[in-house]
Amino acid sequence: MSDEANPFESLQSQIDEAANYLDVGGDEIERLKHPERVLETNLTIEGDDGDLERFTAFRSQFNGDRGPYKGGIRYHPQVSRDEVKALSGWMTYKTAIVDIPLGGGKGGIALDPDDYSEAELERLTRSFAKELRPLIGEDRDVPAPDVNTGQREMNWIKDTYETLENTTEPGVITGKALDSGGSEGRVEATGRSTVIAAREAFDYLDKDLEGATVAVQGYGNAGWIAAKLIDEMGATVVAASDSSGGIYNPDGFDPVAAKEHKNETGSVVGYEESDEEITNDEVLTLDVDLLIPAALENAIDADLAEDVAADVISEAANGPLTPAADEVLEETDVFVIPDILANAGGVTVSYFEWVQNRQRFYWSEERVNEELETIIVDAFDALVETYEEHDLENPRTAAYVVAIQRVADAFEEAGSWP
Ligand code: NAD
């Protein structure tokens, strides 16, 4: 993408934009634009062939004013210091907009996990967990899964930590399997918050969700659950895509059957209820009421944004719009529910997992979903209040204004330390 930005610079410009409306001094804004600390470590493990290989790994603890650092660990060739710093900042403002008592962190190892065996990945993950041990803990820093990591890696980290600490502390990490202390409702949580936020936006804009048309880009965990739930709310899913391409039926299709087709064949493409196959870009520019980008960062750049015809976008993915695309959509009056709110269901239910681990008392799925509903609706209301109070053009700026003010208030209330 031509206007793809350095993610850390994007984060800082979003904070600068929000700072115009904040009752926070410039020196403190400067503090809120940088992580408190970043661990950079070299992990050397033995490969299955007996050779040693070195990997670079990071953990950024961006801000802990409101509680333990919280954020995922990603395994991807593009993991870099700046990316991890940016993602940890977004986590800080995500936990603040939904008002859960956690800070922001993020970690990662630069590698393509497809190139390694399970045994190699286990050695590498345990080696990283050893490095992380002094930094993490249920009251210090609580990692979680991210791109290319999941329950398996979380269980390895938990086991390494508990073994070395000679304790049981499931709350040291979230995103665990249910049998290892995971929470009901976690798998659906991101898609669920995406559609709760969309429903609230439709209500706010006086638009009817019943019969509204929806396009979903990316049919993985976040996207397909969002499609299923928005269909249950009475909307009509007309398009979906994955990395192999897109499908379209103006009369709508059954999102569950489309997912079953993807499970069987590896893609939504070829699903029988689809009228026609369309490209990934066409899915993003269809004339629909709601667009849910649920794939990767920077999916919509400024050029593509010119062609976006949806009225509302609910960002299930992290950073699906480039900053330049954001400006275009502001001009064309598209109501964008920012990622830090729309996809915050994931971290919110991670928070519930942590609470349950600490209580050693587990909730029903019904209770998890009810508590999530309350948190997302309250966050949306806070966003709208600030959006109207400052007559803002962009709901994203409103979300940052609310979130940054909360972090700054916590810092000020703590007083100064010599
Ligand atoms: P996933 O790997 O389960 O699914 C990603 C989907 O995107 C796949 O269907 C893939 O085929 C598709 N895709 C990839 N490139 C594409 C392209 N160019 N066009 C269309 N589709 C494409 O991932 P996920 O967990 O659903 O995460 C999706 C996004 O949501 C990411 O940005 C992630 O950071 C964000 N997110 C996820 C969670 C969560 O709990 N899963 C929480 C917060 C944010």
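In this convention, every chain numbers its residues from 1, walking through the sequence in written order. In keeping with the predicted nature of the model, local features appear solely for residues at pLDDT of at least 70, side-chain atom pairs appear and are counted solely at 80 or more, and the whole-chain, interface and lining totals rest on all residues. Working from all heavy atoms in the structure, the side-chain values ignore hydrogens and water.

S.K.: How do you make sense of the sheet that holds strand β11 (residues 312-314) when you look at a structure like this?
M.R.: What holds strands together in a sheet is hydrogen bonding between their backbones, with the strands either parallel or antiparallel. Spatially, β9-β8-β7-β6-β10-β11-β12 is the arrangement adopted by the 7 strands of the open sheet, whose pairing is mixed. The sheet is open, and its two edges are formed by β9 (276-278) and β12 (335-337), each paired on a single side. On average, each strand axis in the sheet is tilted by 20° relative to the strand beside it, whichever way the strands run. In short, DSSP must find at least two bridges between two strands for them to pair. Helix and strand assignments come from DSSP, with helices taken as H or I runs of at least 4 residues and strands as E runs of at least 2, each series counted from the N terminus. The pairing of strand β10 (residues 290-293) with β11 spans 2 bridges and is classified as parallel. Bridge assignment links leucine 290 to a residue of β11, and that residue is valine 312. Think of each axis as a best-fit line through the C-alpha atoms, taken over the contacting stretch in the case of a helix, with angles from 0 to 180 degrees between the N-to-C directions.

S.K.: Help me understand the pairing of strand β4 (residues 104-109) in this model?
M.R.: A regular strand carries its side chains on alternate faces of the sheet. Among the 6 residues of β4, 6 are classified as buried, and the element is accordingly described as predominantly covered. Each residue is placed in one exposure class: buried if its accessible area under a 1.4 Å probe, protein chains only, is under 20% of its type's maximum, exposed if it is over 50%, and partly exposed if it falls in between. Side chains Gly104, Lys106 and Gly108 project from β4 onto one buried face, and the interleaved Gly105, Gly107 and Ile109 project onto a second face that is buried too. The sheet contact formed by strand β2 (residues 52-63) and β4 spans 6 bridges and is antiparallel. Directly across from serine 60, in β4, lies its bridge partner lysine 106. Pairing analysis gives 3 bridges linking strand β3 (residues 69-75) to β4, with the strands arranged parallel. Counterpart to tyrosine 75 in the pairing with β4 is isoleucine 109. If the strands point away from the viewer and the path from the first strand over the helix to the second runs clockwise, then the crossover is right-handed. For the handedness criterion, the β-α-β arrangement of β3, helix α3 (residues 81-97) and β4 is classed as right-handed.

S.K.: Looking at this structure, how should I read the nonpolar core?
M.R.: The tendency in soluble globular proteins is for nonpolar side chains to be buried side by side. Core analysis: the biggest nonpolar cluster contains 87 residues, and Tyr93, Ile97, Ile230 and Ile404 have the highest contact counts within it. Taken together, domain 1 (35-170) and domain 2 (189-342) each give at least three residues to this core, which thus spans both. It only takes one pair of heavy atoms within 4.5 Å for two residues to be counted as in contact. Filtering out sequence-adjacent residues up to four positions away, isoleucine 97 remains in contact with Ile340, Leu341, Ala379, Ala399, Val402, Ala403 and Arg406. For our purposes a nonpolar core is just a set of buried Ala, Val, Leu, Ile, Met, Phe, Trp, Tyr and Cys residues, chained together by side-chain atoms within 4.5 Å. Counting 24 residues, the second largest nonpolar core, distinct from the first, contains Val238, Leu286, Leu291 and Leu329. Each domain's extent is set by a domain assignment, obtained either automatically or from a database.

S.K.: Can you help me understand the packing of helix α14 (residues 365-389) against helix α15 (residues 395-414) in this one?
M.R.: Each pair of packed helices gets described by two things: the angle between the helix axes and the distance between those axes. Here α14 crosses α15 at 105°, and the two axes come no closer than 8 Å. Between α14 and α15, the crossing angle belongs to the class labelled roughly perpendicular. Between α14 and α15, the residues in contact are Ala382, Leu383, Thr386 and Tyr387 and Pro395, Ala398, Ala399, Val401, Val402 and Arg406, respectively. Split by residue class, the contact of α14 with α15 holds 8 nonpolar, 1 polar and 1 charged. Oblique is the label for every angle not falling under 35 degrees (roughly parallel), over 145 degrees (roughly antiparallel), or within 65 to 115 degrees (roughly perpendicular). Gly counts as polar in this scheme, as do all residues outside two lists: the nonpolar Ala, Val, Leu, Ile, Met, Phe, Trp, Tyr, Cys and Pro, and the charged Asp, Glu, Lys and Arg.

S.K.: Help me understand the packing of helix α6 (residues 189-204) against α14 in this model?
M.R.: The N-to-C vectors of α6 and α14 enclose an angle of 45°; their axes lie 10 Å apart at closest approach. Considering the angle they form, α6 stands oblique to α14. The way α6 lies across α14 gives a crossing that is right-handed. Within the contact between the two elements, α6 uses Ala189, Arg192, Ser193, Ile196, Ala197, Arg199, Glu200, Ala201 and Tyr204 and α14 uses Asn369, Leu372, Glu373, Ile376, Val377, Phe380, Asp381, Val384, Tyr387 and Glu388. Residues that form the contact of α6 with α14 fall into these classes: 11 nonpolar, 2 polar and 6 charged. Each crossing gets its handedness from the near helix: less than a right angle anticlockwise from the far helix is left-handed, clockwise is right-handed.

S.K.: Looking at this structure, I do not really get the pairing of strand β5 (residues 141-145). What am I missing?
M.R.: With respect to burial, β5 is a largely interior element, 4 of its 5 residues being buried. Relative to β5, β3 is paired through 5 bridges, and the arrangement is parallel. Paired with tyrosine 69 across the strands is aspartate 141, a residue of β5.

S.K.: Whenever I open this one, the environment of arginine 186 confuses me. Can you help?
M.R.: On the secondary structure map, arginine 186 appears in the loop between α5 (151-165) and α6. On a C-alpha basis, the gap between arginine 186 and glutamate 365 in space is 9.1 Å, while along the polypeptide they are 179 residues apart. Not counting residues within four places of it along the chain, the set of residues in contact with arginine 186 comprises Gly346, Val349 and Ser350. Between N or O atoms, a polar contact is any pair within 3.5 Å; within protein, one atom must be a potential hydrogen donor and the other a potential acceptor, and residues adjacent in sequence are included only when both atoms are from side chains. Looking at arginine 186, its side chain comes within polar contact range of the main-chain oxygen of glycine 346, at 3.4 Å. Polar contacts involving the side chain of arginine 186 include one to the side chain of serine 350, which spans 3.3 Å.

S.K.: Is there a simple way to explain the environment of glycine 105 in this structure?
M.R.: Take glycine 105: it is sitting in strand β4. With relative accessibility at 0%, the residue glycine 105 sits in the buried group. For the pair formed by glycine 105 and valine 268, sequence separation is 163 residues and the distance between their alpha carbons is 34 Å.

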